[in-house]
Amino acid sequence: MRHRLDLRIGPVTFRIGSDWRAPLDALRRLYGTYPAPDPVADFTVRLEAERPWRRFIRPSVAIRGDYILPDAAPSSLTHGLLAAEMGMNLQMALGQRRFLLLHASAAERDGRALLMTGHSGAGKSTLAALLGERGWRFLGDEFALVDLESGALHPFPRAISLKNEALGLFGGVAPERLGPILDGTPKGRIRHLRPNGEAIARMDEIARPALILFPRFGRDLVRDIRPVGAAEAFVRLTQASTNYVALAERGFDALSGLVNGAPARAIDYPDTDTAMALVDELWSAP
Amino acid sequence: MTIALTLVRLLADPAGAGAVADWTSLLAAARAESLLGTLAHRLDGQKLPPKVDAILAAARADAAQARTQALWEAEMARRALAPLGLPAVLLKGTAYAAAGLSPAAGRSIGDLDILVPRAGLPEVERVLLAYGWEWVKDDSYDDLYYRRWMHELPPLIHKERDRMIDVHHTILPLTARRTPDAEALIAARRPLGDGALSILAPADMVIHAAAHLFADGDLAGGLRNLWDIDRLLRDFAAEPDFWQQLRERAERHQMLSPVLRAGRIANDLYGTPVPDGWRVWDSADPLFKARLLARDSWGRATRPALRLGFYVRSHALRMPPLMLARHLWTKARKAS
Amino acid sequence: MAGPRFIADPPEAAKAVALDGLTALYHRPSGLTHILAPPAPQILAALAGKPGDAAEIALRIAAEFELEAEDAEAAIGARLAELEAAGLVRRA
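Conventions we followed
Residues numbered from 1 in each chain as written. Chains lettered and ligands numbered in written order. Predicted model: local features only at pLDDT ≥ 70, side-chain atom pairs only at ≥ 80, totals over all residues. Heavy atoms only, no water. Pairing = 2+ DSSP bridges. Helix = DSSP H or I, 4+ residues; strand = E, 2+ residues; numbered from the N terminus. Axes fitted to C-alpha atoms, helices over the stretch in contact; angles between N-to-C directions. Contact = heavy atoms within 4.5 Å. Salt bridge = Lys/Arg side-chain N within 4 Å of Asp/Glu carboxyl O. Buried < 20%, exposed > 50% of the residue type's maximum accessible area, 1.4 Å probe, protein only. Buried area = accessible area lost by both parts, 1.4 Å probe. Nonpolar A, V, L, I, M, F, W, Y, C, P; charged D, E, K, R; others polar. Parallel < 35°, antiparallel > 145°, perpendicular 65-115°, else oblique. Left-handed = near helix turned anticlockwise from the far one by under 90°.

## Observations concerning the sheet that holds strand β2 (residues 14–19) of chain C
Here comes step 1: Strands sit in the order β2-β3-β4 (chain C) across an open sheet of three strands; the sheet is antiparallel. What marks the edges here is a single partner per strand, and that holds for β2 and β4 (32–36) of chain C. Taking the axes of each pair of neighbouring strands and ignoring which way they run, one obtains an average angle of 20° across the sheet.
Here comes step 2: Sheet contacts for helix α6 (residues 248–261) of chain A: β2, β3 (22–27) and β4 of chain C; angle to β2 of chain C, the most-contacted strand, approximately 15°.

Here you go:
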């Protein structure tokens, strides 16, 4: 392939090939301060022109790699950064076998980790990113990697993709941490936020899961906390994992260990200040 | 040396692992050829960079779980079919796993494929539906295509477990130019356990693998199918009169040419021991070999014109020309 | 009229973990995970490596598990059908 960039996020290295320079340049600016990638990549992502002439005429980026979604719609070149991100997500979702993969965000304080999982729009990415700006160590916004031997969480602190109104919450961050404004995406306006220096410098430090949250956001919701039993947490987390079944008994051990080792709560919140207060309250509870 | 050839050489001789310079490309090519688990199994115990070791250890565990799940599907099919008392022959990956044959090691296994007598199809369909399987395709054209011309029932999927089962009554479609003798395949089967499930006789298993490699598909993933053939030929070489049986039965099923070609190319690429008389090259062999090796260091399929030629050829083998044209036309219209 | 006889795999075929009143079960032969509520785990234990019908099972688990006498066999019969569909028991 014409252009190549290797990128390491936590324990996973991606080899990203592209028919165009632009998406890789955008990735370099966003991930420039990250530690060196591994010489051996876990996964290959390819951003390809659908047809040779589509490199130039109405450029259209097909997202391919080790693992492919056969009927995936191609992306425009302006959104090449999103295509690269989707490509990496796809490899993780379909091919990750070294860790139990949970679709969850995570943040760490005093060596203990908070995991947040739920439907799109529940705000787990935004909440983890906010915690990262308020003294917590950001561990990840999309994927939580659970160690199959120890049950510890491995950080996967990639750039956080912030959407629409959420962007307004991060006005104070250093401008070089923000990616280009991407309008007209299927999810509206998106901008990427690079995690802060501490999150990047400590991305190889594991953390012990201490609390599992199932957040729910709605402007008309009343602030609420409800306990979630271990069995319910177990089932909801299997639904949030793409590789639980493939991991066989080790996946079972890791997940049952997780829900028996960390309490779970469902929280409802109408705004992020309330969410932050709920997290503080639950975090300091015995 | 191209990455595909590097992969082939490494599978044949795992001790070459020390000389591999570009593991990233090798792993990408292995994944693209559905050979990552096989490679992981072959390299077990070799001195490897720690990252490669971790990736391959995970791949071995993944293959082991795939094997467990495949054998479980066979067991659940056995529970449904046993009361019928008719032969049910496991095919391909699940058969290798159930019989403990060497292609199974590290192999990715897809759907459950079974071969039953044609007359038994209605009963088989009935019990599978009663035990929780349901139809996948509800497109009426494809349903007709499957039932009348292909060699299987339309695909079935289990409601709870979400796994597919393909029920065949022969191993090539009825309209193919070559028509294997399904009754002879079933008659020569080797029972497993209580006999409700069986596998093909050794020679027939090789013939089926060759059918699958050359005549049944467009050779995509051919290196994996060829590896199956290499391992089977090594497993069975010690069977009494194996090579003679293989030749005779291949002739009976009108499959001698693909079987000989499979043997030659396996010998060339994987070093499979074959009888001396087998190693006479046919002028088309280089094209088949090139098609099998058409994979680059980014995991992409290369040589598009060659691949298209093989795709058309594989359908031409399945269907008479007029029917092929009509089928491709209808497919194209539905796709647009 | 106790219905058909079933049997389950021996105890080492599965790993059970208690999760607040329910049982998470990893079934090794299938690679599948099940969440079971009482009396399902008790029924599996009663059939582990030894066949039984609904009446026999009711007797075997009576010591550990409270069952209403009238419904016992019917309730167990219903659980057995579910366990059979899940592959955790089979006809003996």
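Picking up after the structure, the text goes on.
## Structural notes on the pattern of salt bridges
Pairing is possible between side chains of opposite charge, provided their charged atoms come close.
Here comes step 1: Inspection of the entire model under this criterion finds 50 salt bridges over all chains.
Here comes step 2: A salt bridge links R79 of chain B to E75 of chain B, with the shortest nitrogen-to-oxygen separation between them at 2.8 Å. Here E75 of chain B and R79 of chain B lie together in helix α4 (residues 50–81), a separation of four residues that amounts to about one turn. Across this residue pair, the class does not change: R79 of chain B and E75 of chain B are buried.
Here comes step 3: Close ionic contact of K289 of chain B with D268 of chain B constitutes a salt bridge, the shortest N to O distance being 2.7 Å. Of this pair, K289 of chain B sits in helix α13 (residues 285–292) while D268 of chain B sits in helix α12 (residues 256–270), and the two are 21 residues apart along the sequence.
Here comes step 4: The partly exposed category is assigned to K289 of chain B, whose relative accessible area is 23%.
Here comes step 5: With a relative accessible area of 27%, D268 of chain B lands in the partly exposed category.
Here comes step 6: It is possible to trace a salt-bridge network through shared partners that takes in E108, R137, E198, R202 and E205 of chain A.

## As for the interface of chain C and chain B
Here comes step 1: In this assembly, twelve residues from chain C lie in contact with seven residues from chain B.
Here comes step 2: Taking both partners together, chain C and chain B bury about 710 Å²; carbon and sulfur atoms supply 55% of that area.
Here comes step 3: Connecting chain C to chain B are zero salt bridges.
Here comes step 4: Those elements that provide at least two residues to the side of chain C that touches chain B are β3, α3 (72–85) and β5 (89–91) of chain C.
Here comes step 5: Grouping the constituent residues of the side of chain C that touches chain B by class yields five nonpolar, four polar and three charged.

## A word on the interface of chain A and chain B
Here comes step 1: In this assembly, 26 residues from chain A lie in contact with 19 residues from chain B.
Here comes step 2: Counting the surface lost from both chain A and chain B, the interface buries some 1800 Å², and carbon and sulfur atoms represent 53% of this.
Here comes step 3: Applying the counting criterion to the chain A and chain B interface returns four salt bridges.
Here comes step 4: Across the salt bridge formed by K51 of chain B and D42 of chain A, the nearest N and O atoms sit 2.6 Å from each other.
Here comes step 5: Among the elements of the structure, β2 (12–18), β3 (43–49) and α6 of chain A are those that each provide at least two residues to the side of chain A that touches chain B.
Here comes step 6: With five residues, β3 of chain A is the single largest residue contributor to the side of chain A that touches chain B.
Here comes step 7: Residue composition of the side of chain A that touches chain B, by class: twelve nonpolar, four polar and ten charged.

## A closer look at the side chain of S125 of chain A
Residues and elements named next belong to chain A.
Here comes step 1: Its location among the elements puts S125 in helix α3 (residues 124–133).
Here comes step 2: Taking the relative accessible area as the measure of exposure, S125 reaches 17% and is therefore buried.
Here comes step 3: The contact partners of S125, leaving out residues within four places of it in the chain, are S105, D141 and I160.

## Side note on the packing of α12 of chain B against α13 of chain B
Residue and element names in this part refer to chain B.
Here comes step 1: Running from amino to carboxyl end, α12 crosses α13 at an angle of 60°, the nearest separation of the two axes being 11 Å. Taken together, the axes of α12 and α13 lie oblique to each other. Along this stretch, α12 crosses α13, giving a crossing that reads as right-handed. Between α12 and α13, the residues in contact are R261, R264, I265, D268 and L269 and D285, F288, K289 and L292, respectively.
Here comes step 2: Among the residues forming the contact of α12 with α13, the class breakdown is four nonpolar, no polar and five charged.

## Comments concerning the side chain of T23 of chain C
Residue and element names in this part refer to chain C.
Here comes step 1: With respect to the helices, strands and loops of the structure, T23 is situated in strand β3.
Here comes step 2: Taking the relative accessible area as the measure of exposure, T23 reaches 17% and is therefore buried.
Here comes step 3: Residue contacts for T23: discarding those within four places in its chain leaves A16, V17, H34, I35, L36 and P41.

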